[in-house]
Amino acid sequence: MTTPIQFARIETPAVLLDYEQLLANIRLGQRIARQHGVAMRPHVKTHKCHEIACLQIAEGAVGITASKTDEAMEFIRLGIGSVTVAYPVVVSEKLDRLLSAAAARRTELRIVADSREGVDAIQAAACRHGTVVPVLLKIDVGLHRCGVREDDPGLVPLARRIEGESGLRFAGLLSHAGQAYGAKDADGVRAVAREECEILMRVRARLEKEGIPVPTVSVGSTPTVLASESYDGITEIRPGNYVFMDRTPIRLGLVPKSQAALTVLATIVSRNADYFIIDAGSKVLSSDLGAHSAGGIADYGLAYPVGDYDAKGNELAVRKVSEEHGFVVRGGQDLPIGSQVRIIPNHSCVVINLVGEYTVLKAGGDTEVWQVPARGRVR
Ligand SMILES: Cc1ncc(COP(=O)(O)O)c(C=O)c1O
């Protein structure tokens, strides 16, 4: 356990990562996968960090999932054996980068597509590189971001095209039910997960009836993975945020506050009648009110006096953020200037993309610094 005196040695603002809690969260995800007989391919857009990816693989993940091309490249170069790019890559230069790197490292590379243009781009790249690319068809299960809707008349022809083209292999279906972030409670999340599963099973049945085998059915968001009761028909999960947790799974009642592995340490640098002013603003906490702008979260984080972090009911809202300052509601407390608070952020994935390193809290109060090499890899 880290004491307030040990925290005082950490220069702020700092992103703290509780190592034991990180490991517990990774093992929880793996346990869920094992219990339901599905493969785990965690999404690394959450942490963007080699050490954490290696822990996930060591605990049993069969590979990783990435969003952006250059984020995926970082983990291909690291030597992760199987990388899924769960983002439509439609530009030939990016596909060339991915296929060259995957060939050099002998990485299994899977890519999603949800359009004819995307499939054509992957097929052309596969031909240029003389390889066969497994393609997952992205299905829209309610977030209405990317993906083909189940009632789209183009769905079966697109799957058939992937299956029939030289250079491509139809690997199956992939979805992300990000709308679960906006649910009211755990039952609401379960309903989203049930609907996601039902849509995917209907699509799979239709494709199989058309003679197109569907080897993989891949789902994954942290709320649905934590809340789901049934994984019937699912073959793999891709949660990302579960390694850290943040205000959303806590708000949804899926995990207690003590399961948050990532917090932000900040110092009170000034105070006025209404607020403690801290040295972490939007450049550390972000202005994000939760993933996918799904709603349900007010304020920019919950702050706790550092020596009192584990107590119940003493949270102070970070009500406003400037770039370099946060406004913490005083809430009847009398915290001195120079004292520290620990903040549970709204959305942990964006926090670490803003701050270049983790201060890892190890047993006995030791700290270590881990870098974030895929930070800012947005291309
Ligand atoms: C395609 C895809 N898969 C998986 C995830 C992981 O979701 P979460 O961070 O809720 O675990 C995301 C997150 O945005 C995603 O976009």
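Treat the numbers as computed from the prediction; the structure is a model and nothing was measured. (Residues numbered from 1 in each chain as written. Predicted model: local features only at pLDDT ≥ 70, side-chain atom pairs only at ≥ 80, totals over all residues. Heavy atoms only, no water.)

> Quick question: what am I supposed to make of the site of the ligand here?
Close to the ligand lie 16 residues; Arg145, Tyr181, Thr222, Arg238 and Gly240 are nearest. Within the side chain of Lys45, a nitrogen or oxygen atom sits 2.9 Å from an oxygen atom of the ligand. Contact between the ligand and Thr222: an oxygen atom at 2.6 Å from a side-chain N or O atom of the residue. For the ligand, whose unbound accessible area comes to 390 Å², protein coverage reaches 95%. Of the residues assigned to the shell around the ligand, the class counts are four nonpolar, eight polar and four charged. (Near = heavy atom within 4 Å. Polar contact = N/O pair within 3.5 Å; in protein donor to acceptor, adjacent residues only side chain to side chain. Areas by Shrake-Rupley, 256 points an atom, 1.4 Å probe, with all protein chains shown as cover. Nonpolar A, V, L, I, M, F, W, Y, C, P; charged D, E, K, R; others polar.)

> Any chance you could explain the nonpolar core here in plain terms?
Looking at soluble globular proteins, one finds that nonpolar side chains tend to be buried together. Leu22, Leu137, Leu207, Tyr358 and Trp370 are the most contacted members of the largest nonpolar core, which totals 106 residues. Per-element tally for this core: the top contributor is helix H8 (residues 186–209), with eight residues. For Leu207, the residues in contact, after removing those within four places along its chain, are Leu155, Val156, Ala159, Phe170, Leu173, Ile212 and Val214. In this structure, Phe7, Leu16, Val306 and Leu361 belong to the second largest nonpolar core, which totals seven residues. (Core = buried A, V, L, I, M, F, W, Y, C linked by side-chain atoms within 4.5 Å. Buried < 20%, exposed > 50% of the residue type's maximum accessible area, 1.4 Å probe, protein only. Helix = DSSP H or I, 4+ residues; strand = E, 2+ residues; numbered from the N terminus. Contact = heavy atoms within 4.5 Å.)

> Teacher, can you tell me more about the pairing of strand S6 (residues 133–138) here?
Two faces make up the sheet, and in a regular strand the side chains alternate between them. Most of S6 is tucked away: six of the six residues are buried. Residues Val133, Val135 and Leu137 line one face of S6 and the alternating positions Pro134, Leu136 and Lys138 line the opposite face, and both faces are buried. Sheet analysis places strand S5 (residues 108–113) next to S6, joined by three bridges and oriented parallel. Bridging across to S6, Ala113 finds its partner in Leu137. In terms of handedness, the path from S5 via helix H6 (residues 116–129) over to S6 forms a crossover that is right-handed. Alignment of S6 against strand S7 (residues 168–174), held across six bridges, turns out to be parallel. Across the sheet, residue Val135 finds its bridge partner in S7, namely Phe170. Where the polypeptide runs from S6 across helix H7 (residues 155–164) and back to S7, its parallel neighbour, the crossover connection is right-handed. (Pairing = 2+ DSSP bridges. Right-handed = clockwise from strand over helix to strand, strands pointing away.)

> In this structure, what is going on with the packing of helix H5 (residues 92–105) against H6? I would like to understand it.
The geometry of a pair of packed helices is captured by two quantities: the angle between their axes and the separation between those axes. Put simply, H5 and H6 touch, their axes get as near as 9 Å, and they point 45° apart. Judged on the interaxial angle alone, H6 and H5 are oblique. Once H5 is placed against H6, the crossing between them reads as right-handed. Listed contacts from H6 to Ser92, Leu95, Asp96, Leu99 and Ser100 of H5 are Ala121, Ile122, Ala125, Ala126, Arg128 and His129. Tallied by class, residues from the contact of H5 with H6 come to six nonpolar, three polar and two charged. (Axes fitted to C-alpha atoms, helices over the stretch in contact; angles between N-to-C directions. Parallel < 35°, antiparallel > 145°, perpendicular 65-115°, else oblique. Left-handed = near helix turned anticlockwise from the far one by under 90°.)

> Whenever I open this one, the sheet that holds S5 confuses me. Can you help?
Strand pairing in a sheet takes place through backbone hydrogen bonds and is either antiparallel or parallel in direction. The sheet built from eight strands is open, its strands ordered S2-S9-S8-S7-S6-S5-S4-S3 with parallel pairing. With partners counted over all chains shown, the strands left at the sheet margins are strand S2 (39–40) and strand S3 (64–66), one partner each.

> Would you mind going over the pattern of salt bridges with me for this structure?
Close approach of charged atoms lets side chains of opposite charge pair. Taken as a whole and assessed by the stated rule, the structure comprises 21 salt bridges. Note that Arg97 is salt-bridged to Asp70, the shortest N-O span being 3.0 Å. Here Asp70 lies in helix H4 (residues 69–78) and Arg97 lies in helix H5, a separation of 27 residues in the sequence. Look at Arg97 and you get partly exposed, because its relative accessible area is 32%. A residue is classified by how much of its surface remains accessible, and Asp70, at 19% relative accessible area, is buried. Arg330 is the salt-bridge partner of Asp334, the closest N and O atoms lying 3.7 Å from each other. (Salt bridge = Lys/Arg side-chain N within 4 Å of Asp/Glu carboxyl O.)

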